[in-house]
Amino acid sequence: MSKQPTAPETPTAGPAGVRVPGADRAERAERAERGRRAGWPGRAGGTGTSDLPGRIVAALLVAGILTQISYPLTSGTVLRVVTVVSVVLLTSAGVLHAALRWSAAHAAVLFLVAGGIGLLAEAVGVRTGYPFGEYVYTGQLGLKLAEVPLLVPIAWTMIAYPALLLGRRLAARPDGSTSRIRTVLLGGITLASWDLYLDPQMIAQDAWRFAHPTPHLPGVPGIPLTNFAGWVLVALVMIAALDRALPDRPRHHPTWEWPAAAVLTWTWLGSAVGNLLFFGRPWVALYGGLVMGLTMLPYLRRLAAASQPGQERQQPSEKPTPDTAPGSPGATSARTGTSSTGTSSTGTSSTGTSSSGTSTSNSSTRTSPTRTSPTSTDNLTAGSARNGGDE
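In this text, all values refer to a predicted model and were calculated from it rather than measured experimentally.

Caption draft 1: Representation of the overall build of the chain. Looking only at helices and strands, one finds 14 helices and 4 strands in the chain. Relative to its full complement of 391 residues, the chain shows a buried share of 40%. For the chain, contacts bridging at least 24 residues in sequence account for 67% of all contacts bridging at least 6. Here the chain has roughly 21200 Å² of accessible surface; of this, 62% comes from carbon and sulfur atoms.

Here's what the structure looks like:
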């Protein structure tokens, strides 16, 4: 007598201290599901528990934010060091995040494109006054290249990357595609709005100076309106270039977007609170908070909705499976609601039905008072259609 296969054991509750079969696997699966919903990277395609690279990204992010929190408590040389360290930490977190989602090569492309465009725009601006207005960098930010501190293109990269992800998420269509124009506009506005915070802070630190600081925004002296117009132009070009250079969808960890969102959220809210409560610049807090909030609020709402269970967007398959391919027996059965057994063309041909036989059978089907079974009718119809039969 053959032994019947048994069903796998289902974990059940047991006495305290007693290992229940399958309980460890169930617990690991539950943790993996929680990690997937939270968007944390994992060893198995981004759906498991946290891994070391993900922890490094989080550590860099937290260190960068904590460093910036110390701004109001520092001055002089210490403030310059804090500025450099915070920018390097947050930019490193973004570049590593991109490497984990795509590849190291794509992370290098991110840095070269964003940093390169930022460096080029600043070098042209210092020499010609376009597009920002006439200005000059002091020695507060360290080493320079083409009269531009090396920290400046790094800072462009720090916000450009999360601004790109924001633009793509807000520009996403229901079918999973994205609008490049909306991506560039929304991401560019977010990147440019950062300067409403940045320039007042750097002018106060004497990091750079404008030759003609008027006309300026009410309550924000020292920064000409041409500077903000130049930022909008460069930001749009930078986001457009990054959108072309980086793939539309990440290869790994597709839901792991919170580190980039955290950089933007901290920049938006932290800068508003800092300018309002610690730096005595309420107009800067008002302008930056309002303009950056135009894109940040809908971005955070959409990101939160995507992280809810059951809200993951279905990705369109690259090609149909054999059972669902157009014209296949399985697809026909799915459309008609009948079983594919006995209704496929192969099953019909095996009965030896000829063209004349099909016509006779069809005729008898119409005149016979006995009701023909649906399967027989399907077979006759399939055979008639295949052999060119006509009812």
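Caption draft 2: Highlighting the nonpolar core. Counting 65 residues, the largest nonpolar core has Trp156, Leu191, Trp194, Trp208, Met238, Leu242 and Tyr299 as its most contacted members. If one sorts the elements of this core by residue count, helix H5 (residues 151-170) sits on top with 13 residues. With residues up to four places along the chain from it excluded, the contact list for tryptophan 208 reads Val136, Tyr137, Thr138, Leu141, Leu198, Asp199, Met202 and Ile203.

Caption draft 3: View of the packing of aromatic side chains. Inspection of the entire model under this criterion finds 8 aromatic pairs. On the basis of an interplanar angle of 85° and a centroid distance of 6.0 Å, the ring pair of phenylalanine 132 and tyrosine 135 is categorised as edge-to-face. For the pair phenylalanine 132 and tyrosine 135, a shared accessibility class is recorded, and that class is buried. Consider the rings of tryptophan 283 and tyrosine 287, whose centres lie 5.7 Å apart with planes at 35°: the pair is tilted.

Caption draft 4: Molecular detail of a nonpolar patch on the surface. The grouping of Ile189, Trp283, Leu286, Leu290, Val291 and Leu294 at the surface amounts to a nonpolar patch, some 560 Å² of accessible area in total. Per-element tally for the nonpolar patch: the top contributor is helix H10 (residues 282-306), with 5 residues. As for its placement among the helices and strands, isoleucine 189 is situated in helix H6 (residues 180-193).

Caption draft 5: Expanded view of the packing of helix H3 (residues 76-101) against H5. Viewed as axis vectors pointing N to C, H3 and H5 meet at an angle of 45°, and their least axial separation amounts to 9 Å. One element, H3, and the other, H5, form an angle in the oblique class. The hand of the H3/H5 crossing is left-handed. Of the residues in H5, those touching H3 at Thr83, Val84, Val87, Val88, Leu90, Thr91, Gly94, His97, Ala98 and Arg101 are Leu151, Ile154, Ala155, Thr157, Met158, Tyr161 and Leu165. Classifying every residue of the contact of H3 with H5 gives 11 nonpolar, 5 polar and 1 charged.

Caption draft 6: Region of the structure containing the side chain of threonine 83. Looking at the element boundaries, threonine 83 is found in helix H3. Once residues lying within four places of it in the same chain are set aside, the contact partners of threonine 83 are Tyr71, Leu141, Leu151, Met202 and Gln205.

Caption draft 7: Main features of helix H2 (residues 52-69). Over its 18 residues, H2 runs 26 Å from end to end, which matches the ideal 26 Å to within 8%, given 1.5 Å per residue. Buried residues of H2: Gly54, Val57, Ala58, Leu61, Gly64, Ile65, Thr67 and Gln68, and no others. On its buried face, H2 sits against H3 and helix H9 (258-278). Here H2 starts with a cap whose side-chain oxygen sits 3.1 Å from the backbone nitrogen of glycine 54, and that cap is aspartate 51.

Caption draft 8: Focus on the pattern of salt bridges. Evaluation of the coordinates by the stated rule reveals 6 salt bridges. Two residues, glutamate 257 and arginine 169, come together in a salt bridge whose shortest N-O distance is 2.8 Å. Taken together, the positions of glutamate 257 in the loop between helix H8 (225-245) and H9 and arginine 169 in helix H5 put the pair 88 residues apart, joining distant regions of the chain. Exposure class is identical for glutamate 257 and arginine 169. Each is buried. Note that arginine 180 is salt-bridged to aspartate 248, the shortest N-O span being 3.8 Å.

Caption draft 9: Here's a closer look at the environment of glutamine 140. By the element assignment, glutamine 140 lies in the loop between strand S1 (135-137) and strand S2 (144-145). Those residues within four positions of glutamine 140 in sequence are excluded, and the remaining contacts are Arg80, Gln205, Asp206 and Ala207. Within the local environment of glutamine 140, its side chain forms a polar contact with the side chain of arginine 80, the two groups lying 3.0 Å apart.

Caption draft 10: Broad picture of the side chain of histidine 97. Structurally, the position occupied by histidine 97 is in helix H3. Setting aside residues no more than four positions away along its own chain, histidine 97 makes contact with Val57, Tyr161, Leu165, Trp256, Glu257 and Pro259.

Caption draft 11: Highlighting the environment of alanine 155. By the secondary structure assignment, alanine 155 is in helix H5. Each residue touching alanine 155, except ones within four places of it in the same chain, is listed here: Val87 and Trp194.

Caption draft 12: Up close: the packing of H6 against helix H7 (residues 195-204). Between H6 and H7, the least distance of the axes is 5 Å, while the angle of their chain directions is 20°. With respect to H7, the element H6 is oriented roughly parallel. In this structure, H6 uses Leu191, Ala192 and Ser193 to contact H7, whose residues at the interface are Asp195, Leu196 and Tyr197. Tallied by class, the residues present in the contact of H6 with H7 amount to 4 nonpolar, 1 polar and 1 charged.

Scoring rules and cut-offs
- Residues numbered from 1 in each chain as written.
- Predicted model: local features only at pLDDT ≥ 70, side-chain atom pairs only at ≥ 80, totals over all residues.
- Heavy atoms only, no water.
- Helix = DSSP H or I, 4+ residues; strand = E, 2+ residues; numbered from the N terminus.
- Buried < 20%, exposed > 50% of the residue type's maximum accessible area, 1.4 Å probe, protein only.
- Contact = heavy atoms within 4.5 Å.
- Areas by Shrake-Rupley, 256 points an atom, 1.4 Å probe, with all protein chains shown as cover.
- Core = buried A, V, L, I, M, F, W, Y, C linked by side-chain atoms within 4.5 Å.
- Phe/Tyr/Trp six-rings, centres within 6.5 Å; stacked < 30°, edge-to-face > 60°.
- Patch = residues over 30% accessible without salt bridge, like charges linked within 9 Å, V, L, I, M, F, W, Y side chains within 5 Å.
- Salt bridge = Lys/Arg side-chain N within 4 Å of Asp/Glu carboxyl O.
- Axes fitted to C-alpha atoms, helices over the stretch in contact; angles between N-to-C directions.
- Parallel < 35°, antiparallel > 145°, perpendicular 65-115°, else oblique.
- Left-handed = near helix turned anticlockwise from the far one by under 90°.
- Nonpolar A, V, L, I, M, F, W, Y, C, P; charged D, E, K, R; others polar.
- Expected span 1.5 Å × (residues − 1).
- Polar contact = N/O pair within 3.5 Å; in protein donor to acceptor, adjacent residues only side chain to side chain.

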